[in-house]
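Chain by chain, the residues run as shown.
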Amino acid sequence: MSTAMNFSSKSFNPRPPDKGAFPLDHFGECSAFKERFMECLRDSGYESSACRQRAMAYLECRMERQLMANEPLEKLGFKDLIDEKSEEKREK
């Protein structure tokens, strides 16, 4: 009585995740932004909401250098920070 399992009947085609994975920054193009963000996290006791401005700057750097897909910052959760920037520009 041998039970053979045939694993080759279905092929698995891997696909990348929609969000959350992106190429490494091999040349350190955005490392200054990353370090400022990490410093902010350490200083704030790893409270990420205190460092949202720096997180946004880091993601902008990555998008500008094609290290991640371009996404509107509103879709990444920074709509309130963008609204603040536009209000500051109007006041000046």
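For the structure itself, look to the data block above.
Since the model is a prediction, treat every value here as computed from it, not as a measurement.

A. Seen up close, the overall build of the protein chain. Per the secondary structure count, the protein chain includes 3 helices and 0 strands. Listed N to C, the secondary structure of the protein chain is α-α-α in terms of helices and strands. Looking at the protein chain alone, contacts between residues at least 24 apart form 50% of all its contacts between residues at least 6 apart. Surface exposure of the protein chain reaches about 7800 Å², of which carbon and sulfur atoms provide 53%.

B. Structural detail: the packing of helix 1 (residues 31-43) against helix 2 (residues 52-64). Between helix 1 and helix 2, whose axes approach to 9 Å, the crossing angle comes to 160 degrees. One finds that helix 1 runs roughly antiparallel with respect to helix 2. As helix 1 packs across helix 2, the resulting crossing turns out to be left-handed. Facing helix 1, whose interface residues are Phe33, Lys34, Arg36, Phe37 and Cys40, helix 2 presents Arg54, Ala55, Ala57, Tyr58 and Cys61. In the contact of helix 1 with helix 2, the residues fall into 7 nonpolar, no polar and 3 charged.

C. Spotlight on the nonpolar core. Cys30, Phe37, Cys51, Met56, Leu59, Leu73 and Phe78 are the most contacted members of the largest nonpolar core, which has 16 residues in total. Counting residues per element, the ones that place at least two in this core are helix 1 and helix 2. The leading source of residues in this core is helix 2, at 6 residues. Ignoring sequence-local partners within four residues, the contact set of Phe78 consists of Arg52, Ala55, Met56, Leu59 and Leu73.

Conventions and cut-offs
Residues numbered from 1 in each chain as written. Predicted model: local features only at pLDDT ≥ 70, side-chain atom pairs only at ≥ 80, totals over all residues. Heavy atoms only, no water. Helix = DSSP H or I, 4+ residues; strand = E, 2+ residues; numbered from the N terminus. Contact = heavy atoms within 4.5 Å. Areas by Shrake-Rupley, 256 points an atom, 1.4 Å probe, with all protein chains shown as cover. Axes fitted to C-alpha atoms, helices over the stretch in contact; angles between N-to-C directions. Parallel < 35°, antiparallel > 145°, perpendicular 65-115°, else oblique. Left-handed = near helix turned anticlockwise from the far one by under 90°. Nonpolar A, V, L, I, M, F, W, Y, C, P; charged D, E, K, R; others polar. Core = buried A, V, L, I, M, F, W, Y, C linked by side-chain atoms within 4.5 Å. Buried < 20%, exposed > 50% of the residue type's maximum accessible area, 1.4 Å probe, protein only.

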